Amino acid sequence: MVWAGRVVIFSPDERKDARSKNRDVFGKSGVYLYVNENKVENTASIYAGQARHLDSRADDPKRILNRHSIVLITRKGKQQMDENWRQHLEHLLIQNLTDRAPQYGFICENRSREPASYASTNIRKTIQLWYNELEKELSSKGVVGFDNRRFTLPKTETYNCQSEPSARTKVYNAICEYSEDAGTVYVKEGSFAAIGRWQVAVTHQRVKTNLIDKGILVEAELNGKPCYRFTQDVTFFSQSEATAVIVNSPISWNKKWSPSE
């Protein structure tokens, strides 16, 4: 298959020059990657996403702050990526990165695996073939997560978060790995979270609602009381976010989480 795609890679400092040279790419729909790489510590992380207008992700100083590089991916010429293309490519990118991260030691920052698109079988096959060629292109350009480089994962500690025996609605029992270096909290599949979600900051309410809508948090019971259960591992990018989603309270991390022996 002749791959009909475009890949543009640039650092935040180079974005104005990259935009002037690739205006067609910045103005199109597509998928993108945010890459962080610390060559001194030999650590790396990567985030995959999709956008109807890539310039909204690539030319926003707040979004690309502290990023090592940005990777924009589109179809060649006048061909656009419709919702099915973007959704399915995002699904494949995150699936690849999530599967490869433990083996190669980088961090996939996506909180969850995006579902595949609802496109027809034939269209998904076409997108898969296109994606296979995209992987080769990203590998040849040395993009983190695709070129088989090995990194050193930040040190992590295991923590537990349990509700008191007398708890009625705030039932939870969670285990996670916390990385102080990366500031990330990896909550393990099978952990439980409180059934409520409206007693915390709106941003944290949105995160929990999103997890529920995607089926990553499903209704369950713990000791005969209603709660939510994690159906897969989830990455939170702050202690407060993880605590709010699980406990449904603005209580601090230090008051609820304890190191696991």
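Refer to the structure printed above.
Residues numbered from 1 in each chain as written. Predicted model: local features only at pLDDT ≥ 70, side-chain atom pairs only at ≥ 80, totals over all residues. Heavy atoms only, no water.

1. Focus on the side chain of Ser117
Relative to the elements of secondary structure, Ser117 occurs in the loop between strand E5 (107-108) and helix H5 (121-140). In this structure Ser117 touches Asn84, Gln87, His88 and Arg124, once residues within four positions along its chain are discounted. (Helix = DSSP H or I, 4+ residues; strand = E, 2+ residues; numbered from the N terminus. Contact = heavy atoms within 4.5 Å.)

2. Let's talk about the pairing of strand E8 (residues 184-187)
By the alternation rule, side chains of E8 split into Thr184 and Tyr186 and Val185 and Val187, which are all buried. The pairing of strand E7 (residues 173-179) with E8 spans four bridges and is classified as antiparallel. Bridge pairing in E8 links Tyr178 to Val185. Between the end of E7 and the start of E8, which pair antiparallel, lie four residues, with Gly183 showing a positive phi angle near 75 degrees. Bridge count between E8 and strand E12 (residues 234-236): three bridges; the pairing is antiparallel. Opposite Tyr186, over in E12, you have Thr235 as the bridge partner. (Buried < 20%, exposed > 50% of the residue type's maximum accessible area, 1.4 Å probe, protein only. Pairing = 2+ DSSP bridges.)

3. Let's talk about helix H4 (residues 83-104)
Spanning 22 residues, H4 covers 31 Å between terminal C-alpha atoms, matching the ideal 32 Å at 1.5 Å per step. One side-chain oxygen of the residue at the start of H4 lies 3.1 Å from the amide nitrogen of Asn84, identifying that residue as Asp82. (Expected span 1.5 Å × (residues − 1). Polar contact = N/O pair within 3.5 Å; in protein donor to acceptor, adjacent residues only side chain to side chain.)

4. A closer look at the sheet that holds strand E2 (residues 30-38)
Taking strand neighbours across the sheet as the criterion, the five strands line up as E1-E4-E2-E3-E5 in an open arrangement whose pairing is mixed. Looking along the sheet, the strands with just one partner apiece sit at the ends: strand E1 (5-10) and E5. Two elements, E2 and strand E4 (residues 69-75), share five bridges in a ladder whose sense is antiparallel. Looking at the pairing, Val35 lines up with Ser69 of E4. Along the sheet, H5 contacts E1, E2 and E4; its crossing angle with E4, the most-contacted strand, is approximately 145 degrees. (Axes fitted to C-alpha atoms, helices over the stretch in contact; angles between N-to-C directions.)

5. Here we look at the packing of helix H6 (residues 202-213) against helix H7 (residues 239-247)
Packing of H6 against H7 leaves a shortest axis separation of 9 Å and a crossing angle of 60 degrees. If you check the angle between H6 and H7, you find them oblique. The way H6 lies across H7 gives a crossing that is right-handed. Contacts between H6 and H7 pair His204, Val207, Lys208 and Leu211 from the former with Ser240, Glu241, Ala244 and Val245 from the latter. In the contact of H6 with H7, the residues fall into four nonpolar, two polar and two charged. (Parallel < 35°, antiparallel > 145°, perpendicular 65-115°, else oblique. Left-handed = near helix turned anticlockwise from the far one by under 90°. Nonpolar A, V, L, I, M, F, W, Y, C, P; charged D, E, K, R; others polar.)

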